[in-house]
Each structure stands twice: as C-alpha cells, then as structure tokens.
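Observations on the three-dimensional arrangement
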Amino acid sequence: MSDSRRQQRVTVLGATGSIGTSTLDVIARHPERYRVHALTAHRSREALLAQCQRHRPSLAVLDDERDAAWLRERLLQAGLAIEVRAGQQALSEVASDVEVDVVMAAIVGAAGLLPTLAAVRAGKRVLLANKEALVMSGALFMDAVSRHGATLLPIDSEHNAIYQCLPPEHRGGLARHGVTQLLLTASGGPFRGWSRERLAAVTPAQACAHPNWSMGRKISVDSATLMNKGLELIEACWLFDARPEQVQVVVHPQSVIHSMAAYSDGSVLAQLGNPDMRTPIAYGLAWPERIDAGVEALDLFQIARLDFEAPDETAFPCLRLAREAMRAGGTAPAILNGANEVAVDAFLAGRLSFPGIGELVGEILATLPAERGDDLETVLGADARARQAAHTWLNRG
Ligand SMILES: NC(=O)C1=CN([C@@H]2O[C@H](COP(=O)(O)OP(=O)(O)OC[C@H]3O[C@@H](n4cnc5c(N)ncnc54)[C@H](OP(=O)(O)O)[C@@H]3O)[C@@H](O)[C@H]2O)C=CC1
Ligand SMILES: CC(=O)[C@@H](O)[C@H](O)COP(=O)(O)O
Ligand SMILES: [Mn+2]
C-alpha cells in the first residue's frame, strides 16, 4: 500500500450526533482505509460506550469527569483498553494529536470552535460540518488554514456541492475562474409558504420535523427559521472567497440539487444526490478519490420534478439578518451566532416563540457594536457579550 493509501486515523468530534454517527457508518464500510483514533461526546455516555465497543478507538472524551469515570469503568469491564479523558481541553488534544490524520468537526455550535481550530492549527485534514465555528471566526479561521497547511473540506451539503462544482484551485477570487454566482439551495424548511401570523404558534416538535433531512435539533430549528441558510451564506463567503452579493439563495423544496455554481459562459454546474449526509462525508474522507457511501442511487424518474422559488425574507427575517451581519463584517457574525444559539435553546425550552428567534437576534445585532474580529480573544468576547445580552433580553419583564 502506498503512503497515500496507508490507513488514515480519524478523530470524530461530536461522534454521538447525527453527523458523527453517519461518519462512523461510512468509516465502518472501509476498514482498510480508516481507523478511528478518538471519539468525543458531550454527555451521551451510553451512546459513546456503544460506539467505543463497536469502533475500538484509542481515546474517548466526555465533558464531565464523573461521566468519564463511568465510561472508564464500563470499558474496563468490557476488557477494552481505551483511554478516557474529560473536559474542553481534551477535545483540542484529540483534534491535534500527532497520530491523527483526519478530524471530523461535528460538534454543534460555538463549543466546536476551539477543537476545530486546534485541528486546523495542527495542519490536519479537517472535515468541516460545524459551520458555527467558521461563521464566528471567518477571517482568522481561513488564515489559520493557509498558515498551517490544513486541508479544509466542506461537509455541509451545499458547500460540499459547490466545492464539487468549482475548479480545484478556486481560491483567490471566483471571477478569476469565470464563476459569476454561487446558487445556494434551501429546502425552505417545514414552514415554507407560512405567513408570519401562522408561525406564531409553532412548537419545537413541528420545527424539528425537517421535510428532507434527519438532523440534530439545533440545525433543524435553524433550517425552519432560515437562519441555517444565513449561516451557510456566511460560510460560503469564507470558504469560496465570495461577497454576499455573489451568493443567491434558491428555495428548492426537494433537496436533490445540493447547490450550484454559475459561470460567465452561461453554464450552471450542479451537484445532485439523495439527501443523505453520508455522500459529502464520504467525499471529504476520500477526496480526491471516491468511495462507496452506502447511499442509494438517485432515481430521477421517481423524483420526477425539481421546483425553485425565492425565499420569503419577511416571514423569515433570519436570512436577511445573517446577510447584513456578513456585510457589517468583524465580529457581527459572531454576535449573530451567539444570539441565535441562545434564542434556539430558549425556543426549544418553551421560553420563546418561533418568531421571537428572529426578533431576539435582530435586537442584539442592532444594540451590540461590531468590532474588528482578527483575534480569538475578540471573537470569544463578542460571543460572550451576545449571549449575555440575549439572556438579558429574554429575562426582561
Ligand atoms: N445533521 C446534519 O445533517 C448537518 C449538520 N451540520 C452541522 O454539523 C454540526 C453537528 O450537527 P448535528 O450532528 O446535527 O448535531 P447533533 O446535535 O446531532 O450532535 C452534536 C454532537 O456534538 C456534541 N456536543 C454538543 N454540545 C457539545 C459541547 N458543548 N461540547 C462538546 N460536544 C458537544 C454532542 O454530544 P452529546 O450527544 O453528548 O450531546 C453530539 O455528539 C452542526 O454544526 C450542524 O450545523 C451541517 C450540515 C448537515
Ligand atoms: C444537510 C444540510 O446540509 C443541512 O444544512 C440542510 O441544508 C438543511 O436544510 P435547509 O436547506 O432546510 O436549511
Ligand atoms: Mn446545509
């Protein structure tokens, strides 16, 4: 086996989540190519124990020391020599470990920023699902990718699609490669076509019932508010060196076209496939090769039609707020993201209405001034201030 075909050692951050379990599914199909080095979870100790028994990593990480002690004990009883660590720092350690080749960044939210950056700074192949990390720290994240020679592969289905539709060396300005626009598809979520009035009474269960994708609760709510598309617009700007004006959001309810790139000669290249995250995950793991992902072949006769419409930014203001935050620059996207995470938690806990998510994020963006966001301390400070202001807004009389 040549060096490029040596077994790759993979750390999966957020292993117990939707992306994490899909990643392990793809890895298990190719034992000759991949070996699991480390698996991490926040609190799901039973799920992590089952994954350790199945995938036999060298290391496992949980947030709390008591959960870690519980896992250590169970692994010992099972006769498995797996080291268990606890806490935030341990996440960055297993992401940057010299023995690791590939890191799947699949922790949800801002909690993924430091371990993902640790993987980037260690020059790993980083498979980026955790879009919030890039949204928060855009310039410094992309700068770290260049400076440390990391290989960044987008896993978010739309960005993975665009990556596949662009020429291999696309950085340095889209225009140089004849690309005129990126067409970012959106399903429209479970409330596509609903009025603002009707949205007032929606429940967390309704918001989490995505029409096409099975995902974690936070991103499902983001899809329902269109904040997911807003975060993805910002993500696309950083990944592909695009201005917000160069990214057009196209509602496509079937989620079969995962996104497109338009060229100056009139060509539009699209990537299609069944809505199954194992496709972009397999692409990221194997790039530039292709491997079986266990995904059913696309049957166009069964799909029969593909529809397109413009997003409704009146009923769903979060997309506009994200675009404005990207235009404002600096720490504005970190403020948007921090406020949104607090708002989504409050909505899921029954403390905020669905339209309240956009209202809260809009209010925090309007009140907190954005600063230049060139260093990590400033980004983390903006995130903390946004969260504090959002909690104050929620607790107001
Ligand atoms: N699901 C999807 O199809 C897609 C997801 N993404 C992005 O991928 C990321 C993961 O999404 P998804 O898999 O749906 O999320 P899930 O909620 O399903 O999983 C999140 C994972 O992160 C862990 N986690 C949560 N909070 C923390 C924390 N504070 N510290 C450490 N680990 C933590 C969870 O552990 P535990 O189980 O213990 O809580 C779990 O393993 C998100 O950024 C999302 O936007 C992007 C495109 C598609
Ligand atoms: C699978 C994936 O990439 C999600 O981000 C998905 O795009 C969510 O669907 P929406 O288009 O509804 O936001
Ligand atoms: Mn997506």
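Only a predicted model underlies this, so the values are computations on that prediction, with no experimental measurement involved.

Basis of the calculations
Residues numbered from 1 in each chain as written. Chains lettered and ligands numbered in written order. Predicted model: local features only at pLDDT ≥ 70, side-chain atom pairs only at ≥ 80, totals over all residues. Heavy atoms only, no water. 1 Å grid on protein atoms, 1.4 Å probe; cavity = no way out; pocket = protein on both sides within 12 Å on 5 of 7 lines; lining within 4 Å. Points joined across faces, edges and corners; volume = space filled by probe spheres on them. Helix = DSSP H or I, 4+ residues; strand = E, 2+ residues; numbered from the N terminus. Nonpolar A, V, L, I, M, F, W, Y, C, P; charged D, E, K, R; others polar. Buried < 20%, exposed > 50% of the residue type's maximum accessible area, 1.4 Å probe, protein only. Contact = heavy atoms within 4.5 Å. UniProt positions renumbered as here; feature names shortened; annotations may be inferred. Near = heavy atom within 4 Å. Polar contact = N/O pair within 3.5 Å; in protein donor to acceptor, adjacent residues only side chain to side chain. Areas by Shrake-Rupley, 256 points an atom, 1.4 Å probe, with all protein chains shown as cover. Pairing = 2+ DSSP bridges.

Focus: empty space enclosed by the protein
- Enumeration over the complete set of coordinates arrives at 2 cavities of 30 Å³ or more.
- Its boundaries defined by the atoms lining it, the largest cavity holds a volume of some 80 Å³.
- Lining of the largest cavity is provided by R196, L199, T225, A315, F316, P317, C318, F354, P355 and G358.
- Secondary structure elements with two or more residues in the lining of the largest cavity: α8 (196-199) and α16 (354-367).
- The greatest single-element share of the lining of the largest cavity, amounting to 3 residues, is contributed by α16.
- Residues of the lining of the largest cavity, tallied by class, amount to 7 nonpolar, 2 polar and 1 charged.

Some thoughts on helix α10 (residues 217-225)
- Of all 9 residues in α10, 7 are buried, a share of seventy percent or more.
- Taken together, the buried positions of α10 are occupied by K218, S220, V221, D222, S223, A224 and T225.
- Tucked inside the fold, the buried residues of α10 contact α6 (131-148), α9 (204-207), α11 (227-240), α14 (318-328), α15 (332-348) and α16.
- Looking one or two residues beyond α10, the residue adopting positive phi is L226, at roughly 70°.

Re the environment of L269
- Relative to the assigned elements, L269 resides in strand β11 (residues 268-272).
- Through-space distance from the C-alpha of L269 to that of I257 is 10 Å; in sequence the pair is 12 residues apart.
- The contacts of L269, once residues within four sequence positions are left out, are C165, S259, M260, A261 and Y263.

Here we look at the UniProt feature "domain: DXP reductoisomerase C-terminal" (unreviewed entry) in the chain
- Residues annotated in UniProt with the feature "domain: DXP reductoisomerase C-terminal" (unreviewed entry) correspond here to residues 272-388.
- Overall, residues 272-388 shows 58% helix and 1% strand. The separation of its end C-alpha atoms is 41 Å.

Examining the site of ligand 1
- Around ligand 1 there are 24 residues in total, and T16, H42, R43, S44 and E132 lie nearest to it.
- Interatomic distance of 2.7 Å between a side-chain N/O atom of T16 and an oxygen atom of ligand 1.
- Between an oxygen atom of ligand 1 and a main-chain N or O atom of A129, the distance comes to 3.4 Å.
- Coverage of ligand 1 by the protein chains reaches 86% of its 900 Å² of free accessible surface.

Points about the pairing of strand β8 (residues 179-186)
- A large share of β8 lies buried, amounting to 6 of its 8 residues.
- Across 4 bridges, β8 lies against strand β10 (residues 257-263) in antiparallel orientation. Its bridge partner being in β10, V179 is matched across the sheet by Y263.
- As paired strands, β8 and strand β9 (residues 247-251) are joined by 5 bridges and run parallel to one another.

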